[in-house]
Amino acid sequence: AELRRLLASGELGKPLAATAIRLSPPPDWNDWMLDAERAGGTLVDLAIHDFDVLAAILGPVRRVHARAVADGRHVTAQVECERGEGLVEGSHAMPGSYPFTAGLRVLCEGGVLEHRFVAGAGDEVSGSDVVSVLGVHPRAGTARELTAAADPWRVQLEHFLACVRDGAAPSDGTFSQARAALAVALAARRSVASGVPEVVG
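Residues numbered from 1 in each chain as written. Predicted model: local features only at pLDDT ≥ 70, side-chain atom pairs only at ≥ 80, totals over all residues. Heavy atoms only, no water.

Quick look at a nonpolar patch on the surface
Heads up, the rule is: A patch consists of residues whose relative accessible area exceeds 30% and which take part in no salt bridge; residues with like charges are grouped when within 9 Å of each other, and nonpolar side chains (Val, Leu, Ile, Met, Phe, Trp, Tyr) when within 5 Å. The protein chains shown are the only cover counted for residues, whose accessible areas, like all others here, come from Shrake-Rupley with a 1.4 Å probe. Salt bridges, as used here, are contacts in which a Lys or Arg side-chain nitrogen is within 4 Å of a carboxyl oxygen on Asp or Glu. A helix here means a DSSP run of H or I that spans at least four residues, while a strand means a run of E at least two residues long, and both kinds are numbered starting from the N terminus.
Together, F160, L161 and V164 give the surface a local cluster of nonpolar side chains, amounting to about 330 Å² of exposed area. Relative to the assigned elements, L161 resides in helix 4 (residues 152-166).

Things to note about unusual backbone geometry
The phi torsion at A70 lies on the positive side, around 55 degrees, for a residue other than glycine. By the secondary structure assignment, A70 is in the loop between strand 2 (61-69) and strand 3 (74-81).

Details of the pattern of salt bridges
For side chains bearing opposite charge, pairing can occur when the charged atoms are close. Evaluated as defined, the whole model comprises 11 salt bridges. R5 is paired through a salt bridge with E2; the nearest N and O atoms lie 2.7 Å apart. Pair noted here: R5 and E2 are both in helix 1 (residues 2-9), with a separation of three residues, about one helical turn. Measuring nitrogen to oxygen at the nearest pair gives 2.9 Å for the salt bridge that ties D50 to R22. On the criterion of sequence distance, the pair formed by D50 in helix 3 (residues 41-58) and R22 in strand 1 (residues 15-23) is long-range, its members being 28 residues apart.

What to know about the nonpolar core
Under the convention used in this document: Here the nonpolar core consists of buried residues drawn from Ala, Val, Leu, Ile, Met, Phe, Trp, Tyr and Cys, with membership extended through side-chain atoms lying within 4.5 Å. Type-normalised accessible area, obtained with a 1.4 Å probe on protein chains alone, sets the label of each residue: buried when under 20%, exposed when over 50%, and partly exposed for intermediate values. Two residues qualify as a contact provided that any one of their heavy atoms is within 4.5 Å of a heavy atom in the partner residue.
Membership of the largest hydrophobic core comes to 34 residues, with the highest contact counts inside it found for L3, F51, V79, L104 and V106. Mapped by element, the contributors of at least two residues to this core are helix 1, strand 1, helix 3, strand 2, strand 3, strand 5 (100-108), strand 7 (131-138) and helix 5 (175-194). By residue number, the principal contributor to this core is helix 3, which donates eight residues. Contact partners of L104, with chain neighbours within four places excluded, come to L3, A18, T19, A20, V53, L54, I57, L113, E114 and H115. Listed in part, the six residues of the second largest apolar core include L46, F100, A102 and V130.

Details of the sheet that holds strand 7
Using the following cut-off: Strands were regarded as paired on the criterion that DSSP finds at least two bridges between them. Think of each axis as a best-fit line through the C-alpha atoms, taken over the contacting stretch in the case of a helix, with angles from 0 to 180 degrees between the N-to-C directions.
Strand order in the open sheet formed by nine strands is 8-7-6-5-1-4-3-2-9, with mixed pairing between adjacent strands. The open sheet has two edge strands with one neighbour each: strand 8 (144-147) and strand 9 (198-199). With seven bridges connecting them, strand 1 and strand 4 (residues 84-91) associate as parallel partners. Paired with T19 across the bridge in strand 4 is L87. This element, helix 3, spans strand 1, strand 2, strand 3, strand 4 and strand 5 of the sheet and lies at about 160 degrees to strand 4.

Set out below in structure tokens:
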């Protein structure tokens, strides 16, 4: 949310490109999430969130070219958006000792914004283990880091519960946003199978 606020402020100028990562060990709490037929696999479970974020920053996704290794559990995707280019890396192939790690780097005309999010590995994840830092790197001026005051997952869940309690529609995470992100994830699955870029929609 803070990254989007900074982009909207124009402090670093127009966003040009973005790179997103979302890396995790295989889920050990169920046996269905890695089954592409039942859950969509890594692209639908993990990378879908980053396709959503890239669309919010760079506009609707037009085409995607994806590749996969490790039996489809590690994917990379080049994403062509309306207003720029993006890269997404998603993985369910990290070793169990690797912490859940997400990140977003946005190259802008006047600098770079970079969010780093790391949570403890396995069953050791707790609020104290979460690191969420936003780096602001202007071309002119001094870099600064902003640290989240609260666990971002907790903030997200509290907002969701408030929407349910109050009967309010969320401003983010809408049905149309989810549907658009799913269309990108499914196009990426087609691209993995075809070996060529696929049009979204």
